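A structural walkthrough
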Amino acid sequence: MGLSQRQYTREFKLAAVRRLESGVSLGVLARELEVSPNLLHRWRRQYREAPEKAFPGKGNPHRPESGVAELERKIGQQAVEIDFLKACLQRIERQRMLQASTGSPRSTARSTQRSSAQPEGRKAR
């Protein structure tokens, strides 16, 4: 059975970083909070790099720039597909207008041959 990773709230992490910043010893704080000193180092570094983005938690996920680029790529791909489908729809509408103006539905050569000829092996009733 594997060990599950402990999760800490944003408030817990901020309180730990504030205590480190106020001068409490790293080793003492790590033992008191029962966390690794390396974890405290990481929390402090994250807070110093971007205090407003530090510890986003589940409610405020940090989305890297590559995620934004991926979404922009998908939007561009969908725009191309929409333009293609619009062009197809316009072509179909033109064909319908042409059929309506001539008064006769367009038929393929294949369907014309089928209707005039009896299939082999079948007898007429």
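Keep in mind that what you see is a predicted model, and the values were worked out from it rather than measured. Every chain's residues receive numbers from 1 upward, in the order its sequence appears when written. It should be noted that, the model being predicted, local features are given only for residues of pLDDT at least 70 and side-chain atom pairs only at 80 or more, the latter also being counted only at that level, while totals for whole chains, interfaces and linings use all residues. Note that water and hydrogens are dropped before the side-chain values are worked out from all heavy atoms of the structure.

Under the scheme used here, helices are H or I runs from DSSP no shorter than 4 residues and strands are E runs no shorter than 2 residues, and both carry numbers assigned from the N terminus. Here, expected helix span is obtained from the residue count minus one, scaled by 1.5 Å. With 13 residues, helix H3 (residues 37-49) should reach 18 Å at 1.5 Å per residue; the first-to-last C-alpha distance of 18 Å fits that figure. When a residue's accessible area, from a 1.4 Å probe over protein chains only, is under 20% of the maximum for its type it is buried; when over 50% it is exposed; and in between it is partly exposed. Those residues of H3 that sit buried are Leu39, Leu40, Trp43 and Arg44. End-on view of H3: buried residues confined to an arc of 135°, all on one side of the axis. Turned more than 90 degrees away from the buried face of H3, the exposed residues are Asn38, Arg48 and Glu49. Here the arc refers to the directions that run from the helix axis out to each C-beta atom.

This next bit is on the layout of surface pockets. A volume near 590 Å³ is recorded for the largest pocket. Points on a 1 Å grid over protein atoms alone make up a cavity when a 1.4 Å probe fits among them but cannot get out, and a pocket when they form an open set with protein on both sides within 12 Å along at least five of seven lines; lining residues each have an atom within 4 Å of a point. What lines the largest pocket is a set of 18 residues, and nearest its centre among them are Arg6, Gln7, Tyr8, Lys13 and Trp43. Residue contributions to the lining of the largest pocket peak at four residues, all from H3. Amino acids are sorted into nonpolar (Ala, Val, Leu, Ile, Met, Phe, Trp, Tyr, Cys and Pro), charged (Asp, Glu, Lys and Arg) and polar (every other residue, Gly among them). Classifying every residue of the lining of the largest pocket gives six nonpolar, six polar and six charged. Grid points are joined across faces, edges and corners, and a volume is the space filled by probe spheres set on the points.

Among the nonpolar cores identified, the biggest contains 13 residues, and Ala16, Leu29, Leu33, Val35, Leu40, Trp43 and Phe55 are the most heavily contacted of them. Of all the secondary structure elements, the ones that give two or more residues to this core are helix H1 (10-21), helix H2 (26-33) and H3. Per-element accounting of this core gives the leading share, four residues, to H1. Should any heavy atoms of two residues lie within 4.5 Å, those residues are counted as being in contact. Beyond its immediate stretch of four places on either side in the chain, alanine 16 contacts Leu29, Leu33, Leu40 and Trp43. Each nonpolar core is a collection of buried residues, namely Ala, Val, Leu, Ile, Met, Phe, Trp, Tyr and Cys, held together in the definition by side-chain atoms within 4.5 Å.

On to the pattern of salt bridges. A side-chain nitrogen of Lys or Arg and a carboxyl oxygen of Asp or Glu constitute a salt bridge if their distance falls within 4 Å. As enumerated under the stated definition, the model contains four salt bridges in all. For arginine 19, the salt bridge identified is with glutamate 32, shortest N-O distance 2.6 Å. Of this pair, arginine 19 sits in helix H1 while glutamate 32 sits in helix H2, placing them 13 residues apart in sequence. The partner of arginine 73 in a salt bridge is glutamate 70, with the nearest N and O atoms 2.9 Å apart. Taken together, the residues arginine 73 and glutamate 70, both in helix H4 (residues 65-102) and three residues apart, mark about one turn of the helix. A residue is classified by how much of its surface remains accessible, and arginine 73, at 45% relative accessible area, is partly exposed. Judged by relative accessible area, glutamate 70 falls into the partly exposed class, the value being 35%.

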